[in-house]
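Structural overview
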Amino acid sequence: MSTTRKRVYGYLAEFGSASALYKAAEKVRDAGFRKWDCHTPYPVHGLDAAMGMKRSILPWFVFFGGMLGTATGFGLAYITQVEIYPTVVQAKPANIFTVPAFFPIMFELTILFSGFTTLFGLLALMKLPRLNHPLFASRQFHRATDDAFFIAVEARDPKFSPDGTRQFLEDIGGKSIELVEEED
Amino acid sequence: MAHDFVTSADIPVDGERISSSKLDSVKRIAGGAAGLLGLVSAYLLFFSPDKVAGSYAYSWLFAFFFFFTLAVGGCFWTLLHNVSNSGWGTSVRRVMENLGAVFPWMAIFAIPLAVPGVQKWLYEWMNIHRAAAETHHASIFQGFLGGFYGSPSMKDALEADHQGLLVNKQWYMNQVAWYCRFVFYFLGLGLVIKTLRGFSVAQDTDPNPTTKNLFKARFHSTYTLIIFAITITFAGIDLLQGMKFDWFSTMWGVYLFAGAALNSMAVIIITATLMQKGGYLKRVVGPEHFHIMGKLLLAFTIFWAYIAFSQFFLIWYANITEETSWYLIRNTGGWNTASVFLVFGHFVFPFVILLQAWLKKNPKLLSIVCVYTLLMHILDYYIIVIPERSVSLMNLIPDYKGVTTSIPGAFWGDILAFLTVGSGFVFFYLRALTQTATYPHRDPRILESANVSN
């Protein structure tokens with residue numbers, strides 16, 4: 001038996017249904033919590049609005065990633081085809097008016113770069129990949145992939161208090177509330 | 001979503017109808033304007049000097065085909081909505097049907113294009129056919145389906161005039177077949193949209209509403225989608241590509257379809273927004289519907305750009321004389337500026353703007369983008385039709401010798417023709433909108449549609 005004290009991750013509360021979770025999420029949002037999350041077996045329409053989620057900045061990453069792709073495609077084609085080694089085919093020009101021939105590669109690189117920024121931007125914003133999550137210490141949490149709806153309020157939240165938050169989660173209809181501690 | 005859940009208690013039993021004296025007066029003004037300007041147009045087309053009549057024929061073709069695509073697009077969205085078994089758009093389906101209902105009436109504005117006196121300015125191949133028939137005493141009926149059934153006299157006549165290309169194309173490009181197709185466009189698709197709208201409207205007054213009409217509409221939308229495809233493709237080939245019989249593009253039908261679908265959706269969005277502003281469609285149409293329609297707008301903006309570029313790129317790469325001539329005219333002089341502007345105006349700007357999800361959920365902002373898209377559609381069709389005018393009329397009218405890329409002052413005719421067909425379009429559209437309930441209130445899916453979330 002270990003005598004060291006474990007770090008507290010936060011409270012995990014179960015809710016009976018998707019609509020109960022939805023209503024509870026609105027209350028948690030209105031109570032002003034910041035570091036918390038909902039866990040459901042399937043996507044719940046409108047839950048992001050109920051949680052008061054702000055718009056992600058990911059689209060901006062993707063936009064500039066895509067722009068970079070367009071510029072890269074144009075640069076690669078223009079420098080090789082016009083500056084370094086102009087190839088005259090069927091009397092078509094080798095200058096800026098050759099741009100129709102560059103469009104396919106510009107398009108492809110736009111897609112590729114925005115695809116990459118989507119993937120890696122998403123991973124970075126979600127702080128993935130990670131090997132473990134403190135919530136996995138909870139024995140009931142595996143039901144989040146099956147038939148249970150959870151709200152987890154983290155201890156990092158400035159509004160978190162050991163007794164107050166537990167009481168609050170009980171008040172908004174949370175059941176089997178559990179204090180989750182991080183595993184060693 | 002956060003907005004209120006719509007239940008059957010929110011849907012009036014007898015539906016919702018537009019009854020506004022303001023709308024009636026707009027309808028009357030539009031109808032009157034169409035009639036008056038129509039008389040002026042008829043005079044300009046049929047009784048004015050060659051110089052005016054010749055250039056106004058092109059104005060008319062431009063104006064007619066612009067509104068033709070909008071009406072055809074209304075038919076397309078109705079057909080697509082039915083055939084894809086969609087639930088989301090039931091509450092805006094009536095708007096689509098009413099836009100499509102304008103289509104049969106477009107035949108009125110198409111009549112001048114069927115008159116030989118107007119055709120002689122627009123379609124060079126018809127002049128050659130007529131001349132060949134006259135000088136060699138061949139009947140145009142002998143040329144009908146000439147390539148298939150081999151009635152040689154018209155072929156011989158064309159051969160004698162050294163029109164090898166027209167001999168090869170004669171199985172398609174002959175006047176009898178042209179008139180048959182011309183009639184088929186309006187009869188065929190007109191019947192389709194009339195029937196589909198009929199199914200939908202019949203359900204409104206059905207005392208025992210079931211899924212019967214819905215299933216009928218779904219079934220009959222499948223094979224009639226082919227009629228739609230034939231109409232937009234061959235009308236585009238006959239009326240627009242036919243201006244230059246030695247030119248061809250295999251992308252042509254798809255290109256016109258892309259513009260038609262995009263801009264009829266823009267009209268549908270604007271209509272829905274205006275109807276909501278007038279106090280209709282309040283319960284059944286929400287931000288989610290505008291979001292979906294905005295997404296379709298974005299999709300077809302991309303599709304149009306894809307098709308437009310494919311057409312240009314294939315022709316640019318292959319560099320075949322018969323094909324490049326189209327772009328040579330349109331990349332000469334001021335037309336080049338317009339063409340380059342089209343690339344940015346019709347694709348780059350609306351693409352970046354329409355990427356915003358929040359904007360698509362705001363009917364007012366989305367409608368502004370729609371108006372902009374329609375303006376670009378005007379430019380698109382202007383570039384398709386008008387550059388051909390100076391090139392063709394230069395050969396037909398001695399006074400125009402030396403005119404290079406455009407005929408000075410002819411744009412007044414373009415505006416007049418646009419206003420004429422436009423006011424007629426508005427009249428028939430408003431007429432269709434006020435004829436029926438604003439949404440199919442007894443459709444089994446109306447609640448599913450009203451509460452749609454995406």
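Fair warning: this is a prediction, and the values are worked out from it, not measured in the lab.

1. Points about the overall build of chain B
Along the backbone of chain B there are 20 helices and zero strands. For chain B, the C-alpha radius of gyration of 23 Å lies close to 22 Å, the compact-globule estimate for 454 residues. With respect to the three principal axes, the spread of C-alpha positions in chain B is 75 × 45 × 45 Å. The proportion of buried residues among the 454 residues of chain B is 56%. Relative to all contacts within chain B whose residues are 6 or more apart in sequence, the contacts with residues 24 or more apart total 82%. Total accessible area on chain B stands at roughly 18,800 Å², and carbon and sulfur atoms take up 69% of it.

2. Things to note about the sheet that holds strand E2 (residues 36–39) of chain A
Residues and elements named next belong to chain A. Spatially, four strands are ordered E2-E3-E1-E4 in an open sheet, and the strand pairing comes out antiparallel. In the strand order of this sheet, the two ends are held by E2 and strand E4 (175–181), each with one partner. Across the sheet, the mean angle from the axis of one strand to that of its neighbour is 20 degrees, orientation sign disregarded. Taken together, the five bridges between strand E1 (residues 8–15) and E4 define a ladder with antiparallel strand orientation. Note that in E4 the partner of Val-8 across the bridge is Glu-181. Along the sheet face, helix H1 (residues 18–31) touches E1, E2 and strand E3 (149–154) and points at about 20 degrees away from the line of E3. Lying over the sheet, helix H5 (residues 162–171) contacts E1, E3 and E4, oriented at roughly 15 degrees with respect to E1.

3. Some details on helix H6 (residues 124–135) of chain B
All names here are of chain B. Taking 1.5 Å of rise per residue, the twelve residues of H6 would be expected to cover 16 Å, and the 17 Å separating its terminal C-alpha atoms lies within 8% of that figure. What H6 keeps buried is the set Trp-125, Met-126, Ile-128, His-129, Ala-132 and Ala-133. In an axial view of H6, the angular spread of the buried residues amounts to 160 degrees, which keeps them on one side of the axis. In H6, the exposed positions angled more than 90 degrees off the buried face are occupied by Glu-134 and Thr-135. Of the residues trailing H6, His-137 is marked for its positive phi of about 55 degrees.

4. Here's the deal with unusual backbone geometry
Pro-129 of chain A follows Leu-128 of chain A through a cis peptide bond whose omega is -5 degrees. Along the chain, Pro-129 of chain A turns up in the loop between helix H4 (99–125) and E3. You will see that Ser-176 of chain A, though not glycine, has its phi angle at about 40 degrees, which is positive. The residue Ser-176 of chain A is located in strand E4 in this model. Although it is not a glycine, Asn-85 of chain B adopts a positive phi angle of roughly 55 degrees. Topologically, Asn-85 of chain B is positioned in the loop between helix H2 (50–83) and helix H3 (90–100).

5. Examining the interface of chain A and chain B
Taken together, the twelve residues of chain A in the interface contact eleven residues of chain B. Here chain A and chain B share an interface that buries about 1,100 Å² over both sides, 69% of which is from carbon and sulfur atoms. On the chain A side of the contact with chain B, His-45, Lys-92 and Pro-100 of chain A bury the most area, a combined 38% of that side's loss. The interface formed by chain A and chain B includes zero salt bridges.

6. Some remarks on a nonpolar patch on the surface
Residues and elements named next belong to chain A. A contiguous nonpolar surface patch, about 880 Å² in accessible area, is contributed by Ile-57, Trp-60, Phe-61, Phe-64, Met-67, Leu-122, Leu-125, Met-126 and Leu-128. When contributions to the nonpolar patch are tallied by element, the ones reaching two or more residues are helix H3 (58–84) and H4. The dominant element in the nonpolar patch, judged by the number of residues it contributes, is H3, at four residues. Inspection of the secondary structure assignment puts Trp-60 in helix H3. Classification of Trp-60 as exposed rests on a relative accessible area of 53%.

7. Section: the packing of aromatic side chains
All names here are of chain B. Under the defined criterion, the tally for this structure stands at 62 aromatic pairs over all chains. Relative to Phe-425, the ring of Phe-67 lies with its centre 5.2 Å away and its plane at 40 degrees, an arrangement referred to as tilted. You can see Phe-67 sitting in helix H2 and its partner Phe-425 sitting in helix H19 (residues 411–435), a full 358 residues away along the chain. By relative accessible area, which is 4% here, Phe-425 ends up buried. When the ring of Trp-252 is compared with that of Trp-326, the centres are 5.2 Å apart and the planes differ by 75 degrees; the resulting orientation is edge-to-face. Taken together, the residues span a long stretch of sequence, with Trp-252 in helix H12 (residues 252–277) and Trp-326 in helix H14 (residues 321–330) at a distance of 74 residues. Since its relative accessible area comes to 1%, Trp-252 is described here as buried.

8. Concerning the side chain of Arg-445 of chain B
All names here are of chain B. Within the secondary structure, Arg-445 is located in the loop between H19 and helix H20 (446–450). Within the buried set, Arg-445 has no salt-bridge partner at all; the shortest N-O distance to an opposite charge, 4.1 Å, is to Glu-448. Engagement of the side chain of Arg-445 in a polar contact is seen with the backbone oxygen of Ser-86, the distance being 2.8 Å. With residues near it in sequence (within four places) discarded, Arg-445 still touches Asn-85, Ser-86, Gly-87, Thr-90 and Leu-214.

9. Describing the pattern of salt bridges
Note on pairing: side chains with opposite charge can pair once their charged atoms come close. All names here are of chain B. This model, assessed by the stated rule, comprises 15 salt bridges over all chains. The closest approach of N and O atoms between Arg-94 and Glu-97, which form a salt bridge, is 2.9 Å. Here Arg-94 and its partner Glu-97 are both found in helix H3, three residues apart, which amounts to about one turn of the helix. Taking the relative accessible area as the measure of exposure, Glu-97 reaches 1% and is therefore buried. Here the salt bridges do not stand alone but share partners, grouping Arg-93, Arg-94, Glu-97, Asp-204 and Asp-443 into one network.

10. A few points about the domain arrangement of chain A
One frequent convention defines the size of an interface as the accessible area lost when the parts assemble. Taken domain by domain, chain A holds domain 1 (6–54 + 128–183) and domain 2 (57–126). One C-alpha centre belongs to domain 1 of chain A, the other to domain 2 of chain A, and the line joining them spans 43 Å.

11. Here's the deal with the UniProt feature "transmembrane region" (unreviewed entry) in chain A
Under the local residue numbering, the UniProt record ascribes the feature "transmembrane region" (unreviewed entry) to residues 57–81 and 101–125 of chain A. In residues 57–81 of chain A, the share of helix is 96% and the share of strand is 0%. The end C-alpha atoms are 36 Å apart.

12. A word on the environment of Asp-4 of chain B
Residue and element names in this part refer to chain B. Looking at where Asp-4 falls in the secondary structure, it is placed in the segment before helix H1 (21–46). Relative accessible area serves as the criterion here: at 54%, Asp-4 is assigned to the exposed category. Sequence separation between Asp-4 and Asn-451 is 447 residues, and the spatial gap between their C-alpha atoms is 8.7 Å. Residues in contact with Asp-4, not counting those within four places in the same chain, are Arg-283 and Asn-451.

13. What to know about the nonpolar core
Residue and element names in this part refer to chain B. Of all hydrophobic cores here, the largest spans 144 residues; its most connected members are Phe-64 and Met-106. When residues in this core are grouped by element, the largest group, 20 residues, is from H2. In this structure Phe-64 touches Met-106, Phe-109, Ala-110, Leu-113, Phe-186, Leu-239 and Val-421, once residues within four positions along its chain are discounted.

Cut-offs applied
- Residues numbered from 1 in each chain as written.
- Chains lettered and ligands numbered in written order.
- Predicted model: local features only at pLDDT ≥ 70, side-chain atom pairs only at ≥ 80, totals over all residues.
- Heavy atoms only, no water.
- Helix = DSSP H or I, 4+ residues; strand = E, 2+ residues; numbered from the N terminus.
- Rg over C-alpha atoms; globule rule 2.2 N^0.38 Å.
- Buried < 20%, exposed > 50% of the residue type's maximum accessible area, 1.4 Å probe, protein only.
- Contact = heavy atoms within 4.5 Å.
- Areas by Shrake-Rupley, 256 points an atom, 1.4 Å probe, with all protein chains shown as cover.
- Pairing = 2+ DSSP bridges.
- Axes fitted to C-alpha atoms, helices over the stretch in contact; angles between N-to-C directions.
- Expected span 1.5 Å × (residues − 1).
- Arc of directions from axis to C-beta.
- Buried area = accessible area lost by both parts, 1.4 Å probe.
- Salt bridge = Lys/Arg side-chain N within 4 Å of Asp/Glu carboxyl O.
- Patch = residues over 30% accessible without salt bridge, like charges linked within 9 Å, V, L, I, M, F, W, Y side chains within 5 Å.
- Phe/Tyr/Trp six-rings, centres within 6.5 Å; stacked < 30°, edge-to-face > 60°.
- Lys, Arg positive; Asp, Glu negative; His and termini not counted.
- Polar contact = N/O pair within 3.5 Å; in protein donor to acceptor, adjacent residues only side chain to side chain.
- Domains from an automatic or database assignment.
- UniProt positions renumbered as here; feature names shortened; annotations may be inferred.
- Core = buried A, V, L, I, M, F, W, Y, C linked by side-chain atoms within 4.5 Å.

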